[in-house]
Structure formats: C-alpha cells, structure tokens
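Residues per chain, in single letters:
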Amino acid sequence: MSYTAHFRVWRGDAEGGDLGDFQVEVNEGEVVLDIIHRLQATQAGDLAVRWNCKAGKCGSCSAEINGRPRLMCMTRMSTFAEDETVTVTPMRAFPVIKDLVTDVSFNYEKARQVPAFAPPKNLQPGEYRMAQVDVERSQEFRKCIECYLCQDTCHVVRDHEENKKAFAGPRFLMRIAELDMHPLDAKDRQHAAQEEFGLGFCNITKCCTEVCPEHIKITDNALIPMKERVVDRKYDPLVWLGSKIGRRPER
C-alpha cells in the first residue's frame, strides 16, 4: 500500500541554503533513505547524500529527521503519520559540504589524538592474558559504528564551537574509557581524559545514549564510571596519600 508524503529536505552548501518541499511516493516497508533515493531518481538528481550499507552498520547516512539525529536507513516511514511532514536536514554540529552531506573531519582529528593501546614494555605480543570479565566490560563499546550521532547531539559540541578544540565528545571519551578499563593498558588515561580531552565538560545529560543506534549505554557505562575514577584519584584523600607514598623496590 502506497501513499504520497510531504518531505522537506535541506538543499544548499557552506554558503547557505534552505528547505525544499517535495511530494514523494512512499511504499510499505520503506525507510527514509529509500525516499531520499527516490527523490534523487525522480525530482532532485543533484541531491547529495552520504550512504553505504543501508543496513545500519556503516554509520554513513546520519542526518536529522524532524530535528532528531538518526540513521536514515534505520528510520522507518511507518513511524510517521501519513499526513505528517517529514523534515530531513544535515547534522547540525558539523559544517555542511552539500545538502545532507557534512564535513565530519573533526571526529577523525579527535580519533588521531587518542593514544593507541599501550601494553607494558616487558609484555610481548602473544603474551597478553585477560580474564573474560575484563573482555566483557569493554565489549559493548566495540559495537560503535562511528555514525557520530552522539557527537552531533552533544550540546557541548553542537552549541559551542569554541569547545571543539578542548572536547573530544562522547564517542572518543568512550574510547578513552574503554582503554582505561583494559587491565593491560599502561597509559595514564584518566589524566588525559580530564586535562586533554575535556571530560569535565560532559554534564551527563545522556543525550548521546538516547540517539545511539547500537544502544550503547555511553553515559552510564563509559562516561560516568570514567568521571568517578577521575574524581576518586583527584579528590579522595586516601588515594592522594597513596600516590605520594613510594613503593618499595622489588627484590
């Protein structure tokens, strides 16, 4: 069963643009990305959109649908009323390249700044040993498809351009938390999270968790525990005292 839907799609580039109105056919079982492709094929041949797998696993087709950051390929048209106007705009936190395509290079820059896993110097590849419980702690974070919807909805990034240099955003603070949980990682992730990647900017509103298509509990399982470890280290008097007492040399 098909019907005609009213779509408003943002058209423009870095210099500016506006919403364009379209009447487009919708068929049963389709998702928003299907409709965008139909617009390209029938009414707006030059409409720019980024996509790849159409299965919710590549993270390419991120956009804002009726103001909410979503994957277009995972947003079913059945979630909207037939007489409802569906508005599709690019992710607001990042500069527009053209139409629905944004420049997400900010995220790649932040990714490069996070130091890689660093095992102890005396431990050789092939000698790594972990308890299963330690594997499971960070396994959830490995589901991230880097759609950057969490980055887009985080108001620290979205509404304050001046924060971008000092704040890595939830996706990469989650990566730092994952490494900090790793029993074989030798780097000081807690100090870096607070002083270099702006963990203190996060006020745990959980908006990043709400838009994650992989249902990762970014706030509860990564950011809040990381904040707790940082606070314990910085302000707990017993932890502070312990850090000042030198260990006896091994004999």
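Above this text is the structure in question.
As a starting point, this report considers the structure included with it. If you're wondering where the values come from, they're calculated on a predicted model, not measured in any experiment.

Some thoughts on the nonpolar core
Move 1: Core analysis: the largest hydrophobic core is formed by 65 residues, its most contacted members being Phe7, Val32, Ile36, Met72, Met77 and Val88.
Move 2: Considering each element in turn, this core owes the most residues, 7 residues, to helix α6 (residues 170-181).
Move 3: Apart from residues lying up to four places away in sequence, Phe7 is in contact with Gly20, Asp21, Phe22, Val24, Val32, Ile35, Met77, Val86 and Val88.

Some points on the packing of aromatic side chains
Move 1: Inspection of the entire model under this criterion finds 5 aromatic pairs.
Move 2: A centroid spacing of 6.0 Å and a plane angle of 80° characterise the contact between Tyr108 and Tyr148, whose relative ring orientation is edge-to-face. One end of the pair, Tyr108, is in helix α2 (residues 105-113); the other, Tyr148, is in the loop between α3 (132-139) and α4 (149-153), with 40 residues separating them in the sequence.
Move 3: Here Tyr108 falls in the partly exposed class, since its relative accessible area comes to 42%.
Move 4: Residue Tyr148 is classed as buried on the basis of its relative accessible area of 4%.
Move 5: For the ring pair Tyr148 and Phe172, a centre distance of 6.4 Å and an interplane angle of 35° mean the geometry is tilted. Highlighted residues: Tyr148 in the loop between α3 and α4 and Phe172 in helix α6, separated in sequence by 24 residues. You'll find Tyr148 and Phe172 in the same group, each marked buried.

A word on the side chain of Asp152
Move 1: Here Asp152 is to be found in helix α4.
Move 2: With a relative accessible area of 0%, Asp152 lands in the buried category.

With respect to the pattern of salt bridges
Move 1: If you walk through the whole model with that rule in mind, you get 17 salt bridges.
Move 2: The closest approach of N and O atoms between Arg38 and Glu30, which form a salt bridge, is 2.6 Å.
Move 3: Each of the salt bridges in this network shares a partner with another, and the network as a whole consists of Arg11, Asp46, Lys98 and Asp99.

Parameters at a glance
Residues numbered from 1 in each chain as written. Predicted model: local features only at pLDDT ≥ 70, side-chain atom pairs only at ≥ 80, totals over all residues. Heavy atoms only, no water. Core = buried A, V, L, I, M, F, W, Y, C linked by side-chain atoms within 4.5 Å. Buried < 20%, exposed > 50% of the residue type's maximum accessible area, 1.4 Å probe, protein only. Helix = DSSP H or I, 4+ residues; strand = E, 2+ residues; numbered from the N terminus. Contact = heavy atoms within 4.5 Å. Phe/Tyr/Trp six-rings, centres within 6.5 Å; stacked < 30°, edge-to-face > 60°. Salt bridge = Lys/Arg side-chain N within 4 Å of Asp/Glu carboxyl O.

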